[in-house]
Amino acid sequence: MWCFSCFDGGDKEEREEQDRLASAEARAKAADAAQKRQEQFEQSAAGRAARAQIQGAAKQSANSNKGEPVLKWQMG
């Protein structure tokens, strides 16, 4: 039996490099698309409402603990 894998060693390395480049390009395109979707969401009515809800929840949580412990311990 002959080992033919040693004859295509260069081709395999070249294919792997092309795959790495293609993967990096695909990740960059996906990141750009995700950023555009995020920007569009932030500009939409639903995005503005979500931001307002998060800000309201943050204000409420900041004001709700007026020196009182969150969890109170009771014996009995």
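As a starting point, this report considers the structure included with it. What you see is a predicted model, and the numbers here were worked out from it, not measured in a lab.

The rules behind each value
Residues numbered from 1 in each chain as written. Predicted model: local features only at pLDDT ≥ 70, side-chain atom pairs only at ≥ 80, totals over all residues. Heavy atoms only, no water. Salt bridge = Lys/Arg side-chain N within 4 Å of Asp/Glu carboxyl O. Helix = DSSP H or I, 4+ residues; strand = E, 2+ residues; numbered from the N terminus. Buried < 20%, exposed > 50% of the residue type's maximum accessible area, 1.4 Å probe, protein only.

**A word on the pattern of salt bridges**
Following the criterion strictly, the structure yields two salt bridges and no others. Close ionic contact of Glu17 with Arg20 constitutes a salt bridge, the shortest N to O distance being 2.9 Å. Of this pair, Glu17 and Arg20 both sit in helix α1 (residues 9-43), three residues apart, roughly one helical turn. Owing to a relative accessible area of 37%, Glu17 belongs among the partly exposed residues under this scheme. In this structure Arg20 comes out as partly exposed when scored by relative accessible area, which is 49%. Here Lys29 ties to Glu25 by a salt bridge, and the two come within 3.5 Å at their closest N and O atoms. Here Lys29 pairs with Glu25, and both are found in helix α1, just four residues apart, close to one helical turn. Look at Lys29 and you get exposed, because its relative accessible area is 55%.

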